[in-house]
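Geometric and topological summary
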Amino acid sequence: MIFEDRKRIYSEDYADILIAYNGNFSVFEEFEDATINIINFLYAVVHVPIEQFTNLFIMERGYYSIPRLYGLISEQSLEASGVTSMRGIPALNLRGQGTLIGIIDTGIDYANPIFQYADGTTRIVAIWDQTIISDDMPLNFSYGTEYTREQINEALRSDDPLSIVPSMDTDGHGTLVAGIAGGNEVPEMDFAGVAPDAEFVVVKLKPAKQYLRDFFYIREDVVAFQSTDVMFALRYLLYKSDTLLSPMSICVSIGSNFSGHDEWGIPVSLFSLEATRNGIVVSCAAGNEGAGRRHYEGRNSSGNEFETVELNVGEEESRSGFSMEIWGNSPSIYSIDILTPTGEYVPRIYTGRDISRIITFIFDETTIYIEYIMVEQTSGDQLILLRFDRPTEGIWRFNVYETGNLYMGFNIWLQKGGFISEGTYFLASNPYTTILSIGNGIIPITVTAYNTEDESLYLNASRGNTRTGVLKPDIAAPGVDVLGPTLQHDFAGFTGTSVAAAHTAGIAALILEWGIVRNNLPGISTTEVKKLLIRGARRDNNIVYPNRDWGYGILDIFNVFDSLRTQFIV
């Protein structure tokens, strides 16, 4: 790809379109003035002039082609997970040696000593910084800059490290999850990463383009990434694992509420596909949406023509706008009418096909953009997308009609916390079916958070199951007031399912060491590691497992190996 084409990847003058081309390159011929960037044999990104991205784009190209926006999920754990007990057995003194931990996040503070060996050299194999434009891209990639171990070591020896490796984690989230997963032991601070002998491969995601922030009404001060860049990040991690011939535990601590909350969406299905590879384990944070009141579940019972949904729109959204998705379960057909806080009424919008409408009001400054998608391409279910520009503050009412006699039900999701304020919420919300994408995938290990002090579930943790009934989360790991690194090279307590996913990613690296590096289970992948964790999970006799809150119970790696003495993997 020539330099002028590469600039389109960053330019706000070009829209990024996700295309499922499935190896058929003729698909790209229909795009005018386009630059093609291949992700893998299934998907590609097409960069086209922003003028081609109009209000009719969804009807023309399909909703899945618009990249979703992912945000950050987060807000003494080793003993609670059985790591300390396990290391007391010489044959099981696992520390992640010979394994890689893959991070897809805000980058990493490579100068922090917890990511260095005793001689001051780095434990980071490579950093792909998608935000820095140069000619030093990873092999077979078209943007960003790759920094090698040798370059990082040179930077660490320099009086001006950033002049050699200018990649920085200005947020601290990536540094946090990497440190919890595999940071060095710091006894005087009572800190130790789960897999302190593992090495790191890190992707710093580039920020989402403005046109997507505008489309979904995401504030400029919020960290947001495009799903397309997340997909390229996964491809890079797999490439490094293959070329280095090392097993890799991948930590995904970013998420999105805009998906069908099922196993079919993109990139959910891609992560599930790649998680089946030998030597690859993917751990995902469930999300912190359980108490956010951003999910509504409805089912029109027999005899009721519609169900009324009440949504409070807060002051912040009345200024900036917001968006929400209504997913109707097939084969029923769904439609809505709308009543504003000032009493203006939008009659029921009937449809039997895809439509796009713009609604304005007399007494309200609000504009509503509505897309009815009768058959959403990845799930086959109906989707109604609503985008509110300057919505009136107060209670909005939506009557949701279901055509058919099966009463299949529907779900509505607002954007995730951080993308929308706490002042906008459903009055009769449902805390379940709130797992964020990518955690709804069947194969990845989806992790919820609990408090090790009293073994209580983290109040804000997202709950399962998926919209299609797949059991999620899979396991609970420490995630409340867990010690982690800061950008000041100090430590502080952190809470959230990002913390729990990082902890689990470290545990997965230990199992990869035992299984692949030590040749006890050389064909191990995410599926086998998940079964091992489920088998060894601690369970409360007063709770029925599996369930939508805890999954199969509390992670305990010592119990994993204890169970292997008498059982076989199934």
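Above: the structure in question.
The rules behind each value
- Residues numbered from 1 in each chain as written.
- Predicted model: local features only at pLDDT ≥ 70, side-chain atom pairs only at ≥ 80, totals over all residues.
- Heavy atoms only, no water.
- Pairing = 2+ DSSP bridges.
- Helix = DSSP H or I, 4+ residues; strand = E, 2+ residues; numbered from the N terminus.
- Axes fitted to C-alpha atoms, helices over the stretch in contact; angles between N-to-C directions.
- Buried < 20%, exposed > 50% of the residue type's maximum accessible area, 1.4 Å probe, protein only.
- Contact = heavy atoms within 4.5 Å.
- Polar contact = N/O pair within 3.5 Å; in protein donor to acceptor, adjacent residues only side chain to side chain.
- Phe/Tyr/Trp six-rings, centres within 6.5 Å; stacked < 30°, edge-to-face > 60°.
- Lys NZ or Arg CZ within 6 Å of the ring centre and 35° of its normal.
- Disulfide = S-S within 2.5 Å.
- Parallel < 35°, antiparallel > 145°, perpendicular 65-115°, else oblique.
- Nonpolar A, V, L, I, M, F, W, Y, C, P; charged D, E, K, R; others polar.
- Core = buried A, V, L, I, M, F, W, Y, C linked by side-chain atoms within 4.5 Å.
- Patch = residues over 30% accessible without salt bridge, like charges linked within 9 Å, V, L, I, M, F, W, Y side chains within 5 Å.
- Areas by Shrake-Rupley, 256 points an atom, 1.4 Å probe, with all protein chains shown as cover.
- Salt bridge = Lys/Arg side-chain N within 4 Å of Asp/Glu carboxyl O.
- Lys, Arg positive; Asp, Glu negative; His and termini not counted.
- Charge placed at Lys NZ, Arg CZ, Asp CG, Glu CD.

A few words on the sheet that holds strand S2 (residues 35–38). With antiparallel pairing, three strands are arranged side by side in an open sheet as S1-S3-S2. Every other strand in the sheet has two partners, leaving strand S1 (14–20) and S2 as the edge strands with one partner each. Pairs of neighbouring strands in the sheet enclose a mean axial angle of 25 degrees, with direction left out of account. Examined bridge by bridge, S2 and strand S3 (residues 43–49) share four bridges and lie antiparallel to one another. Counterpart to Thr 35 in the pairing with S3 is His 47.

Tracing the backbone shows Cys 284 in strand S12 (residues 280–285). A relative accessible area of 1% means that Cys 284 is categorised as buried. Between the C-alpha atoms of Cys 284 and Leu 270, which are 14 residues apart in sequence, the distance is 13 Å.

With two bridges joining them, strand S4 (residues 69–72) and strand S9 (residues 225–226) adopt antiparallel strand pairing. From the neighbouring strand, Tyr 70 faces S9, where its bridge partner is Phe 225.

The subject of this paragraph is the sheet that holds strand S19 (residues 367–373). A sheet is described by the order of its strands in space; here six strands give the open sequence S13-S22-S15-S20-S19-S18, paired in antiparallel fashion. The sheet is open, and its two edges are formed by strand S13 (295–298) and strand S18 (355–360), each paired on a single side. Within this sheet the neighbouring strands show an average axis-to-axis angle of 15 degrees, counted without direction. Pairing of S13 with strand S22 (residues 410–414), which is carried by four bridges, proceeds in the antiparallel orientation. Within S22, the residue paired with Gly 298 across the bridge is Phe 410.

Before going further, it helps to spend a moment on the environment of Arg 68. In this fold, Arg 68 is placed in the loop between helix H2 (57–61) and S4. For Arg 68, a relative accessible area of 9% corresponds to the buried category. For Arg 68 and Leu 18, which are 50 residues apart along the polypeptide, the C-alpha to C-alpha distance reads 9.9 Å. When near neighbours in sequence (up to four residues on either side) are disregarded, Arg 68 contacts Tyr 63, Phe 216, Phe 225, Gln 226, Ser 227, Ser 256, Phe 258 and Glu 325. At 2.6 Å, the side chain of Arg 68 and the backbone oxygen of Ile 66 are in polar contact.

What follows concerns unusual backbone geometry. In this structure, the amide linkage connecting Ile 266 to the following residue, Pro 267, adopts the cis form with an omega of 10 degrees. One can find Pro 267 in the loop between strand S11 (254–255) and helix H9 (268–274). Following Gly 464, the chain continues to Asn 465 via a peptide bond in cis, the omega torsion being -10 degrees. Structurally, the position occupied by Asn 465 is in the loop between strand S25 (456–457) and strand S26 (475–478). One non-glycine residue, Tyr 407, adopts positive backbone phi at about 50 degrees. The backbone phi angle of Asp 481 is positive, close to 55 degrees, even though this residue is not glycine. With respect to the helices and strands, the residue Asp 481 is situated in the loop between S26 and strand S27 (482–485).

Moving on, we get to the packing of aromatic side chains. Overall, the coordinates contain 28 aromatic pairs when judged by the stated rule. Their ring planes at 85 degrees and their centres at 5.4 Å tell us that Phe 115 and Phe 200 sit as a pair that is edge-to-face. Here Phe 200 lies in strand S8 (residues 199–204) and Phe 115 lies in the loop between strand S5 (100–105) and strand S6 (124–129), a separation of 85 residues in the sequence. For Phe 200, a relative accessible area of 0% puts it in the buried group. Summarising the aromatic geometry, the rings of Tyr 143 and Phe 232 are spaced 5.6 Å apart at their centres and angled 85 degrees between planes, so their arrangement reads as edge-to-face. One end of the pair, Tyr 143, is in the loop between S6 and strand S7 (145–148); the other, Phe 232, is in helix H8 (residues 227–244), with 89 residues separating them in the sequence. Aromatic ring contacts, followed pair by pair, group Tyr 10, Trp 128, Phe 141, Tyr 143, Phe 232, Tyr 236 and Tyr 239 into a single cluster. A cation sits over an aromatic face here: Arg 235 above Phe 141, 4.0 Å from the ring centre. Above the face of the Tyr 425 ring, Arg 293 is positioned so that its terminal group lies 3.7 Å from the ring centre.

Once that is clear, we can look at the state of the cysteines. One pass over the full model with this rule turns up zero disulfides. Sulfur of Cys 251: no disulfide; nearest cysteine sulfur belongs to Cys 284 and is 8.4 Å away.

Let us now look at the packing of helix H11 (residues 497–517) against helix H12 (residues 526–536). Here H11 crosses H12 at 105 degrees, and the two axes come no closer than 11 Å. Classified by the angle their axes make, H11 and H12 are roughly perpendicular. Of H12, the residues touching H11 (which contributes Thr 504, Ile 507, Ala 508 and Ile 511) are Val 529, Leu 532 and Leu 533. Its residues assigned to classes, the contact of H11 with H12 shows six nonpolar, one polar and no charged.

With 63 residues, the main nonpolar core has Ile 101, Ile 124, Ile 127, Ile 507, Ile 511, Val 529 and Leu 533 as its most contacted residues. Among the elements that line this core, the one with the most residues is H11, at 12 residues. For Ile 101, the contacting residues outside a window of four places in its chain are Ala 181, Gly 182, Ala 195, Ala 198, Glu 199, Phe 200, Val 201, Ser 249 and Ala 509. Ranked by size, the runner-up nonpolar core spans 41 residues in total, among them Ile 9, Leu 18, Leu 237 and Phe 271.

Among the surface-exposed residues, Glu 12, Asp 13, Glu 51, Asp 214 and Glu 220 lie close enough to one another that they form a single negatively charged patch. Of note, Glu 12 is situated in the loop between helix H1 (3–7) and S1. According to the relative accessible area criterion, Glu 12 is partly exposed, its value standing at 40%.

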